[in-house]
Amino acid sequence: MATLDAPRSLQDLKELLKNDNKVKVAGIDVDGVLRGKFMSKEKFISAATESDGFGFCSVIFGWDIHDQLYSRELLVSNRNNGYRDLLARVDLTTYRRIPWEFNVPFFLVSFFDPVTKEPLSVCPRGTLAKVMADADQNGWQCMAGAEYEYFQFKETAQSIADKKFMDPIPLTPGMHGYSLLRTQLNQGYFHDLFNESVNFGVNIEGHRVFETALAYTSALRMADNAILFKYVAKSVGMKWGVLPSFMAKPWGNLPGCSGHTHVSLRSKDGKNVFAIDESEMKTGRLEAAYEDTKYISKLAEQFLAGLLDGLTDIVPMLVPTINGYKRLVGGESFWAPNAVTYGYDSRAASIRIISPPSVPAAATRFEIRVPGADMNPYFAISAIFLLGLRGIAKQTALSIPPISQLGDDRSKTVRLSTSLEDATIKMMSPGSVAREVFGDEFVDHYCGTREHEVKLWNEAVTNWEVERYLELA
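Summary of the structure given here. These numbers come from a predicted model, not from an experiment.

## Things to note about the overall build of the chain
Okay, so step 1: On a plain count of helices and strands, the chain comes out with 15 helices and 15 strands.
Okay, so step 2: Its C-alpha atoms give the chain a radius of gyration of 22 Å, within 12% of the compact-globule value 23 Å for 473 residues.
Okay, so step 3: Projected onto its principal axes, the C-alpha coordinates of the chain cover approximately 65 × 60 × 55 Å.
Okay, so step 4: The burial tally for the chain puts 55% of its 473 residues in the buried class.
Okay, so step 5: Taking the intrachain contacts of the chain between residues at least 6 apart in sequence as the baseline, contacts between residues at least 24 apart amount to 69%.

Dropping the structure here:
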């Protein structure tokens, strides 16, 4: 879905930029970090109209979130290929202006292999675009929404670094969910965040509990909006001396930060494929596997079954960081489901069914509650749809009952990995569902980047270890 004023032709583009002398562009790396540059207007217009795009150093796929080269050479960018250039192609449908940065024009890019000219296998935007194209073959449009929970600190990048990231000062004291008072203490920041998001083409449904719900839209536009919302929040935060953090679990004794992701499929004529027919609204779908699935379509039930069938094999796509698993370890007590479970309107389940009678049929969808706020939304949304579409293609039936029928004994419930190391091993294993839906090239590269994270973690000596063992061991 294009932004409101996106150019449709070269003439439109030139007209949009007639009073500008530069443009900012950015692509996304595997960690969900925006990597970009300024370009002169002339260079940008030339690059935007060239079929191949322009050169962009591949090292952004050869180093980690802190620009440290990966522990072992990976396929896309390495010493052997000299960290060669990739091709970056401008997506004109992503046109925006950055209102807090002199209204400079901004576009997103996707990355392509410089030899084959094919989409780069690990480009986040390219990965999701391919998933959407596959769904389109069946006449379906992938729809998604995301909700980010995040903490706010009275810090700057410099102040927190000077403190060695210890004892960050919260923006307000205490836990006050849905509080109208707490946001008034910093109302300039919160109003600015909402308004600048809208001005930047990132539509918001609402702010609450330091949580932002992004307006439901097509999946690629949603992933773009999710990444760009973080950019807005951090940029606006700089203006107000606030450091918003999307780290999944900053404190062990408090709930973490989720990245709940909502999904559905829409037909070419705009109908929600997950919705039941009007004739079924009174009784529900008679052939539904369980009471919890009576008000979703058969295709939706198969999509759900596909999600459940492959969930354990794609966890690193939903929870990509070492810290993210600290959130899952807390489990349901911290609102972070950590098992292969589902249920109607259940926030205790990993997959929450949202359907009539609690919402209109047109709003039927699934909420995947496993991801944290540190997710890469392109990869998380891609994984969700790939599993669901696989379920439809295989006409997969639900193999487990809903969480409401499990009772207190959860001993037979399949648990999700509680460490990035274990999750990565499962994703990389021969015959994993991840290899089936993403392909070996993607899995080998992406899991190589996660192995790097695990290696750094295993080598680190934490404050907890020093405090616990230095004196008494």
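## A look at empty space enclosed by the protein
Okay, so step 1: In this structure the tally under the stated criterion is one cavity of 30 Å³ or more.
Okay, so step 2: What the largest cavity holds in volume is close to 40 Å³.
Okay, so step 3: Among the residues forming the lining of the largest cavity, the class breakdown is four nonpolar, two polar and three charged.

## So, helix H8 (residues 298-310)
Okay, so step 1: Over its 13 residues, H8 extends 19 Å from the first C-alpha to the last, a length consistent with the 18 Å expected when each residue adds 1.5 Å.
Okay, so step 2: With 10 of 13 residues buried, H8 is to be regarded as a mostly interior element.
Okay, so step 3: Along H8, the residues that are buried comprise Ala-300, Glu-301, Gln-302, Phe-303, Leu-304, Ala-305, Gly-306, Leu-307, Leu-308 and Gly-310.
Okay, so step 4: Contacts made by the buried residues of H8 are with strand E12 (261-267), strand E13 (342-344), strand E14 (351-354), strand E15 (365-368), helix H11 (377-393) and helix H13 (433-438).

## Considerations on helix H12 (residues 420-428)
Okay, so step 1: Along H12, the residues that are buried comprise Leu-420, Ala-423, Thr-424, Met-427 and Met-428. Looking down the long axis of H12, one finds its buried residues gathered within 125 degrees of arc, a one-sided arrangement.
Okay, so step 2: Buried-residue contacts for H12 involve helix H9 (315-318), helix H10 (324-330), H13 and helix H14 (440-459).

## Looking at the nonpolar core
Okay, so step 1: Grouped together as the largest cluster of nonpolar side chains are 129 residues, with contacts concentrated most on Phe-44, Phe-111, Phe-229, Leu-265, Phe-303 and Phe-366.
Okay, so step 2: Examining the composition of this core, we find that 12 residues originate from one element, helix H7 (residues 219-240), more than from any other.
Okay, so step 3: Among residues more than four places away in sequence, those in contact with Phe-366 are Thr-261, His-262, Val-263, Phe-274, Ile-296, Ala-300, Phe-303, Leu-304, Ile-351, Arg-352 and Ile-353.

## A look at the sheet that holds strand E4 (residues 85-98)
Okay, so step 1: Pairing is mixed across the open sheet formed by five strands, whose spatial order is E2-E1-E5-E4-E3. Edge positions in the sheet fall to strand E2 (34-40) and strand E3 (54-57), since each has one partner strand and no second. Sheet twist, expressed as the mean angle between neighbouring strand axes with direction ignored, is 45 degrees.
Okay, so step 2: Sheet topology note: the E3/E4 ladder contains four bridges and is antiparallel. Of the residues in E4, the one forming a bridge with Gly-55 is Leu-87.
Okay, so step 3: Sheet strands in contact with H7 are strand E1 (22-28), E2, E4 and strand E5 (104-112), and its direction is about 80 degrees off that of E4.

## Some points on the packing of aromatic side chains
Okay, so step 1: Under the defined criterion, the tally for this structure stands at 29 aromatic pairs.
Okay, so step 2: The lysine or arginine in question, Arg-89, covers the ring of Phe-112, its NZ or CZ lying 3.9 Å from the ring centre.
Okay, so step 3: A cation sits over an aromatic face here: Arg-96 above Phe-200, 5.8 Å from the ring centre.

## Thoughts on the pairing of E15
Okay, so step 1: By the bridge criterion, three bridges tie E12 to E15 in an arrangement that is antiparallel. The partner of His-262 across the bridge, within E15, is Glu-367.
Okay, so step 2: Strand direction decides the pairing type here: E14 and E15, joined by four bridges, are antiparallel. Note on E15: the bridge partner recorded for Ile-353 is Phe-366.

## Side note on a nonpolar patch on the surface
Okay, so step 1: Residues Val-461, Val-466 and Leu-470 make up a contiguous nonpolar surface patch of roughly 320 Å² in combined accessible area.
Okay, so step 2: Mapping Leu-470 onto the fold places it in the segment after helix H15 (463-469).

## Looking at the packing of H12 against H14
Okay, so step 1: Closest axis-to-axis distance for the H12/H14 pair is 10 Å, and the angle between their directions is 160 degrees. Between H12 and H14, the interaxial angle falls into the category roughly antiparallel. Pair H12 / H14 crosses with left-handed handedness. Judged by residue contacts, Leu-420, Glu-421, Thr-424, Met-427 and Met-428 of H12 engage Phe-442, Val-443, Asp-444, Tyr-446, Cys-447, Arg-450, Glu-451, Glu-453, Val-454 and Asn-458 from H14.
Okay, so step 2: Residue composition of the contact of H12 with H14, grouped by class: eight nonpolar, two polar and five charged.

## Digging into the environment of Thr-94
Okay, so step 1: Relative to the helices and strands, Thr-94 resides in strand E4.
Okay, so step 2: Residues Thr-94 and Ala-215, 121 residues apart in the sequence, show an inter-C-alpha distance of 16 Å.
Okay, so step 3: The contact partners of Thr-94, leaving out residues within four places of it in the chain, are Thr-3, Phe-106, Phe-107, Leu-108, Arg-125 and Asp-224.
Okay, so step 4: Engagement of the side chain of Thr-94 in a polar contact is seen with the backbone oxygen of Asp-91, the distance being 2.7 Å.

## Here we look at the packing of H7 against H11
Okay, so step 1: As a packed pair, H7 and H11 sit with axes 9 Å apart at the nearest point and diverge in direction by 150 degrees. Taken together, H7 and H11 sit at an angle that is classed as roughly antiparallel. Between H7 and H11 lies a crossing whose hand is right-handed. Residues Ala-219, Leu-220, Met-222, Ala-223, Asp-224, Ala-226 and Ile-227 of H7 touch H11, and the partners they reach there are Pro-377, Tyr-378, Ile-381 and Phe-385.
Okay, so step 2: A per-class count over the contact of H7 with H11 returns 10 nonpolar, no polar and one charged.

## Overview of the side chain of Ser-297
Okay, so step 1: You can see Ser-297 is positioned in the loop between E12 and H8.
Okay, so step 2: Contact partners of Ser-297, with chain neighbours within four places excluded, come to Val-273, Phe-274, Ala-275, Ile-276 and Arg-285.

## Some details on the pattern of salt bridges
Okay, so step 1: One pass over the full model with this rule turns up 27 salt bridges.
Okay, so step 2: Here Arg-72 makes a salt bridge to Glu-451, at a shortest N to O gap of 2.7 Å. Pair noted here: Arg-72 is in the loop between E3 and E4 and Glu-451 is in helix H14, with a separation of 379 residues, a long-range link.
Okay, so step 3: Among the residues examined, Arg-72 registers a relative accessible area of 41% and is labelled partly exposed.
Okay, so step 4: One salt bridge connects Arg-390 with Glu-436, and the closest N-O pair in it is separated by 2.9 Å. Residue Arg-390 is located in helix H11, and its partner Glu-436 is located in helix H13; the two are separated by 46 residues in the primary sequence.
Okay, so step 5: The partly exposed category is assigned to Glu-436, whose relative accessible area is 46%.
Okay, so step 6: Members of the salt-bridge network, linked through shared partners, are Asp-345, Arg-352, Glu-367 and Arg-369.

How each quantity is defined
Residues numbered from 1 in each chain as written. Predicted model: local features only at pLDDT ≥ 70, side-chain atom pairs only at ≥ 80, totals over all residues. Heavy atoms only, no water. Helix = DSSP H or I, 4+ residues; strand = E, 2+ residues; numbered from the N terminus. Rg over C-alpha atoms; globule rule 2.2 N^0.38 Å. Buried < 20%, exposed > 50% of the residue type's maximum accessible area, 1.4 Å probe, protein only. Contact = heavy atoms within 4.5 Å. 1 Å grid on protein atoms, 1.4 Å probe; cavity = no way out; pocket = protein on both sides within 12 Å on 5 of 7 lines; lining within 4 Å. Points joined across faces, edges and corners; volume = space filled by probe spheres on them. Nonpolar A, V, L, I, M, F, W, Y, C, P; charged D, E, K, R; others polar. Expected span 1.5 Å × (residues − 1). Arc of directions from axis to C-beta. Core = buried A, V, L, I, M, F, W, Y, C linked by side-chain atoms within 4.5 Å. Pairing = 2+ DSSP bridges. Axes fitted to C-alpha atoms, helices over the stretch in contact; angles between N-to-C directions. Phe/Tyr/Trp six-rings, centres within 6.5 Å; stacked < 30°, edge-to-face > 60°. Lys NZ or Arg CZ within 6 Å of the ring centre and 35° of its normal. Patch = residues over 30% accessible without salt bridge, like charges linked within 9 Å, V, L, I, M, F, W, Y side chains within 5 Å. Areas by Shrake-Rupley, 256 points an atom, 1.4 Å probe, with all protein chains shown as cover. Salt bridge = Lys/Arg side-chain N within 4 Å of Asp/Glu carboxyl O. Parallel < 35°, antiparallel > 145°, perpendicular 65-115°, else oblique. Left-handed = near helix turned anticlockwise from the far one by under 90°. Polar contact = N/O pair within 3.5 Å; in protein donor to acceptor, adjacent residues only side chain to side chain.

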